[in-house]
Amino acid sequence: MHGAVVVDTERCKGCNLCVLACPLGVLELTPKTVNTKGYHYTHPVKEDICIGCASCAIVCPDGCITVYRKKEE
Amino acid sequence: MTREEIINTGELVYKKPELLNETPMHYCPGCPHGTVHKLVAEVIDDMGMRDKTIAVSPVGCSVFAYRYIDVDWEEAAHGRAPALASAIKRLWPDRLVFTYQGDGDLACIGTAETIHALNRKENITIIFINNAIYGMTGGQMAPTTLLGQKTVTCPYGREVALHGYPLKIADIAAILPGTCYVTRQTVHTVPAIRKAKAAIRKAFEYSLQGKGSNLVEIVSTCNSGWKMSPEKSFKWMEENMVPFYPLGDLKDTGKE
Amino acid sequence: MAEKEVSLIKGNEAIALAAIRCGCDGYFGYPITPQSEVLETLAAQKPWETTGMVVLQAESELASINMVYGGAGTGKRVMTSSSSPGISLMQEGMSYLAGAELPCVVFNCMRGGPGLGTIQPSQSDYFQTVKGGGHGDYRLITLAPSSVQEMADFVDLAFELAFRYRNPAMILSDGVIGQMMEKVVLPGFKPRRTEEQIMKECPWAATGRMGRTHPNIITSLELQSEVMEQNNLRIQAKYKECEEKEVRYEEYMCEDADWLIVAFGSAARIAKKTIQLARGEGIKVGLLLPITLWPFPTRQIEALGRKVKGILVLEFNAGQMIEDVKLAVGCSLPVEHYGRLGGIVPDPDEALEALKKMI
């Protein structure tokens, strides 16, 4: 199973809950760049191992994350 | 498999509920209000009640709940949301009517309205966010603040001699004959969020079925007020709040 | 039941029966003397079985007025009633109703204060009612009945005005008229509006979206000062229109009057008797009876002030409406007050003595 995470980076407040919720360490907060509100936002750094479990999106209080997945054929 | 391939040809697993609009929420980073808003929006849409919901927002951090969930709302005076909801439900019996309140609003200034609405068997649901603090006004002691917990109005920690005891509203609600379903949940993990969503759904169903009043307490956090990171506050909540406010259903007569 | 029937009933009962007959959707109240007959009559009539009107005894006046807010926010015709101490508790709610621009009717059967005071009649809530008892710049459209018939007639009128201006309307009466029995012709039955009619007539109401593209939000909150000022200006413009169009009053024997009494509600009944006594002694006195206390008949009093030698303001209080009478006539002529306090209703003779002292 392969997953892909799409982040609404402008909506993200950098609370880090998605980073903690991901069982595989796919997400991280941007170390330097910030969005227009000044938040370090979340982004996938190891997307190749994402399985699309959506844990990150479920715990996101701001609804910033959309998750897709596809079975390996 | 490329990212584009997954997005374009794969299955959509999770997306912010459509009923939760695009307006960025004013809550602090990591605030559980947002998570509960998402769940409420999801449940309303899952139930197909978007057009027949009238919600009541409180005074406190969630005063602006009406900006985010696209149903009809009335914004109540501090603590009076259950009074509004009682009247709305009686005047519009086929509508889904719920209030969304924090602990200062519900368990302090609005205790009378809360208890009487619940015990009058109003067919409403009260969503109760308990983070043991007044968030909006800057982190003052709430009726639900734990003994020993520090806030700006009990800076040395809450103590019985000065401040009395924290109030367990859900426990009171559970002994009222007017209530149908009283439950305590959290939204700090994926399984907890799933359970909380099921609880909100059950409460909404019961209120529509005319089975009585329903209280869904969400034991929550206030990162800013508690002066902790979201991660640390969830840990503090698990270690301190949950033992005092134990999770699970306190009452469920709807199944009978 | 006949369309129009004559009954001998108390003022408080008239309020209740008129509410049922004028298509009221909901009443939310709490017992307090001397107005409890409103809730008692409604409970005995069981209108929920006939017109479908909701009647609910709340846990407090705070809850009552906020139930009214809840119902009014959905476009329904809702009302409450209380007496002075209970009305004080409702002030916050009335401010919210005015701020959120919601129509409702509140009946105040005044008793003497301050504090727990007395259960006897008084008019000492005039300031609280017409000067804004709650916080913020708002007004209550205020009707002051002086007979049981007017109690019955003003319920529908108050609803009409409340909906026309999307603002709370107050029926300001007292223990005299609330408890007094008089012959009344009750208004004919007016059906409650259907949900479709409500949604059409109140497109702003939180009824559930029902296919509407946007949600309706009932709130008085606005944190941006510029927008909040505009909200206030919109409300003030509404009040200006109300002041221009809705002033109601009655003149009694004013044509040839050398002296004028200004009195409202039950005090106006005393004043009429005083005027008869005075005229028996050759003193030509007339009465200006404000029916709307807000908007106040300022222009009418100003005009009469130019014709008479002095004005006596007769009130069951320490002198409240006299301030508005003085504002109307300025310093152009003497304006005196006569009143009794603590729940005492003055005799027409006492008022005549006060008038003679002035002359």
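Residues numbered from 1 in each chain as written. Chains lettered and ligands numbered in written order. Predicted model: local features only at pLDDT ≥ 70, side-chain atom pairs only at ≥ 80, totals over all residues.

**Some words on the overall build of chain A**
- What chain A contains, in helices and strands, is two helices and four strands.
- Principal axes of the C-alpha set define a box for chain A whose edges measure 40 × 20 × 20 Å.
- Across the 73 residues of chain A, 48% fall into the buried class.
- At a minimum sequence separation of 6, the contacts of chain A that also span at least 24 residues come to 65%. (Helix = DSSP H or I, 4+ residues; strand = E, 2+ residues; numbered from the N terminus. Buried ≥ 20, exposed ≤ 12 C-beta atoms within 10 Å, placed from the backbone. Contact = placed C-beta atoms within 7 Å.)

**Description of the overall build of chain B**
- Scanning chain B from N- to C-terminus turns up 10 helices and 10 strands.
- For 256 residues, the compact-globule estimate of 2.2 N^0.38 gives 18 Å, and chain B sits close to it at 18 Å.
- Considered along the principal axes of its C-alpha atoms, chain B spans approximately 65 × 45 × 35 Å.
- Across the 256 residues that make up chain B, the buried fraction comes to 59%. (Rg over C-alpha atoms; globule rule 2.2 N^0.38 Å.)

**Looking at the interface of chain B and chain A**
- Opposite the 28 residues of chain B that make contact, chain A presents 29 residues.
- For the side of chain B that touches chain A, the secondary structure elements donating two or more residues are α1 (3-9), β1 (11-14), α2 (32-46), α8 (190-208) and α10 (230-244) of chain B.
- Here the side of chain B that touches chain A takes five residues from α1 of chain B, the largest share from any one element.
- Examined bridge by bridge, strand β4 (residues 65-70) of chain A and β1 of chain B share three bridges and lie antiparallel to one another. Residue pairing across strands places Y68 of chain A opposite L12 of chain B, the latter belonging to β1 of chain B. (Pairing = 2+ DSSP bridges.)

**Focus: the sheet that holds strand β7 (residues 168-174) of chain C**
- Read from one edge to the other, the open sheet built from seven strands follows the order β3-β2-β4-β5-β7-β6-β13 (chain C), with strand pairing classed as mixed. Of all the strands in the sheet, just β3 (54-57) and β13 (292-294) of chain C have a single pairing partner and so form its edges. Strand-to-strand, the axes of this sheet are offset by a mean angle of 20 degrees, without reference to chain direction.
- Where strand β4 (residues 78-82) of chain C and strand β5 (residues 104-110) of chain C come together, four bridges link them in parallel fashion. Within β5 of chain C, the residue paired with M79 of chain C across the bridge is V105 of chain C.
- The strands touched by helix α3 (residues 81-91) of chain B are β2 (26-29) and β3 of chain C; relative to β2 of chain C, the strand with the most contacts, the crossing angle is about 150 degrees. (Axes fitted to C-alpha atoms, helices over the stretch in contact; angles between N-to-C directions.)

**Some thoughts on the nonpolar core**
- Counting residues in each nonpolar core, the largest one holds 220 residues, and the members touching the most others are C56 of chain A together with V105 and A158 of chain C.
- Those residues in contact with A158 of chain C that lie beyond four places of it in its chain are V105, L143, A169 and I171 of chain C. (Core = buried A, V, L, I, M, F, W, Y, C linked by C-beta atoms within 7 Å.)

**Thoughts on the environment of Y165 of chain B**
- Mapped onto the fold, Y165 of chain B is located in the loop between α6 (160-163) and α7 (169-175).
- Each C-alpha atom of the pair Y165 of chain B and D252 of chain B lies 27 Å from the other, and the pair is 87 residues apart in sequence.

**Some remarks on the environment of M321 of chain C**
Residues and elements named next belong to chain C.
- Considering the arrangement of structural elements, one finds M321 in helix α13 (residues 321-329).
- With 59 residues separating them in the primary sequence, M321 and V262 have C-alpha atoms 8.8 Å apart.
- Among all residues touching M321, those that are not within four sequence positions of it are Y126, V262, F264, V313 and E315.

**Topic: the interface of chain C and chain B**
- Between chain C and chain B, the contact holds 33 residues from the first and 29 residues from the second.
- Of all the secondary-structure elements, those providing two or more residues to the side of chain C that touches chain B are β2, β3, α3 (61-72), α5 (91-99) and β9 (217-218) of chain C.
- Across the side of chain C that touches chain B, the residue classes break down as 15 nonpolar, 13 polar and five charged.
- As paired elements, strand β3 (residues 72-75) of chain B and β9 of chain C share two bridges and run parallel to each other. Within β9 of chain C, the position partnered with E74 of chain B by the bridge is I218 of chain C. (Nonpolar A, V, L, I, M, F, W, Y, C, P; charged D, E, K, R; others polar.)

**A short note on α10 of chain B**
- Taking 1.5 Å of rise per residue, 15 residues should cover 21 Å, and α10 of chain B covers 20 Å from first to last C-alpha, within 8% of that figure.
- In α10 of chain B, a bend of some 40 degrees at M237 of chain B exceeds every other bend along the element.
- Buried within α10 of chain B are the following residues: P230, S233, F234, M237 and M241 of chain B.
- The elements touched by buried residues of α10 of chain B are α1 (17-21) of chain A together with β9 (213-219) and α9 (223-226) of chain B. (Expected span 1.5 Å × (residues − 1). Bend = angle between axes of the 7 residues up to and from the residue.)

**With respect to the sheet that holds strand β10 (residues 248-252) of chain B**
- What the eight strands build is an open sheet, ordered β10(B)-β8(B)-β9(B)-β5(B)-β4(B)-β2(B)-β3(B)-β9(C); its pairing is mixed. Each of the sheet's edge strands pairs with one partner strand only, and the pair in question is β10 of chain B together with β9 of chain C.
- In terms of strand pairing, strand β8 (residues 179-186) of chain B meets β9 of chain B through seven bridges, oriented parallel. When the sheet's bridge partners are listed, V182 of chain B is paired in β9 of chain B with L215 of chain B.
- α3 of chain B contacts β2 (53-57), β3, β4 (96-102) and β5 (125-130) of chain B of the sheet and is inclined by roughly 180 degrees relative to β4 of chain B.

**Points about the packing of α3 of chain B against helix α5 (residues 111-119) of chain B**
Residue and element names in this part refer to chain B.
- Where α3 meets α5, the axes come as close as 7 Å, and the angle between the chain directions of the two elements is 30 degrees. In terms of their interaxial angle, α3 and α5 are classed as roughly parallel. Residues P82, A83, A85 and S86 of α3 pack against E113, T114 and A117 of α5.
- By residue class, the composition of the contact of α3 with α5 is four nonpolar, two polar and one charged. (Parallel < 35°, antiparallel > 145°, perpendicular 65-115°, else oblique.)

**Brief notes about the environment of M53 of chain C**
- Within the element layout of this structure, M53 of chain C appears in the loop between α2 (37-45) and β3.
- For M53 of chain C and A351 of chain C, which are 298 residues apart along the polypeptide, the C-alpha to C-alpha distance reads 43 Å.

**Observations regarding the confidence of the model for chain B**
- The predicted model of chain B has a mean per-residue pLDDT of 97, with 100% of residues at 70 or higher.
- Here the predicted complex carries an ipTM of 0.97, next to a pTM of 0.97. (pLDDT = per-residue confidence, 0-100.)

**Section: α3 of chain C**
All names here are of chain C.
- Over its 12 residues, α3 runs 16 Å from end to end, which matches the ideal 16 Å to within 8%, given 1.5 Å per residue.
- Counting buried positions along α3 yields 12 of 12 residues, so the element is predominantly enclosed.
- Of the positions making up α3, those classed as buried are E61, L62, A63, S64, I65, N66, M67, V68, Y69, G70, G71 and A72.

**Quick word on the packing of α3 of chain C against α5 of chain C**
All names here are of chain C.
- Packing of α3 against α5 brings their axes to within 9 Å, and their N-to-C directions diverge by 15 degrees. By the angle class used here, α3 and α5 are roughly parallel. Crossing of α3 over α5 shows right-handed handedness. Across from I65, N66, V68, Y69 and A72 in α3, the residues of α5 making contact are G93, M94, Y96 and L97. (Left-handed = near helix turned anticlockwise from the far one by under 90°.)

**Things to note about unusual backbone geometry**
- Look at the link from T33 of chain C to P34 of chain C: it is a cis peptide, with omega at 5 degrees.
- Take P34 of chain C: it is sitting in the loop between β2 and α2.
- Even without a glycine there, the phi angle at N16 of chain A is positive, about 80 degrees.
- Its location among the elements puts N16 of chain A in the loop between β1 (2-7) and α1.
- Residues other than glycine seldom take positive phi values, yet E101 of chain C does so here, at roughly 55 degrees.
- Looking at the element boundaries, E101 of chain C is found in the loop between α5 and β5.

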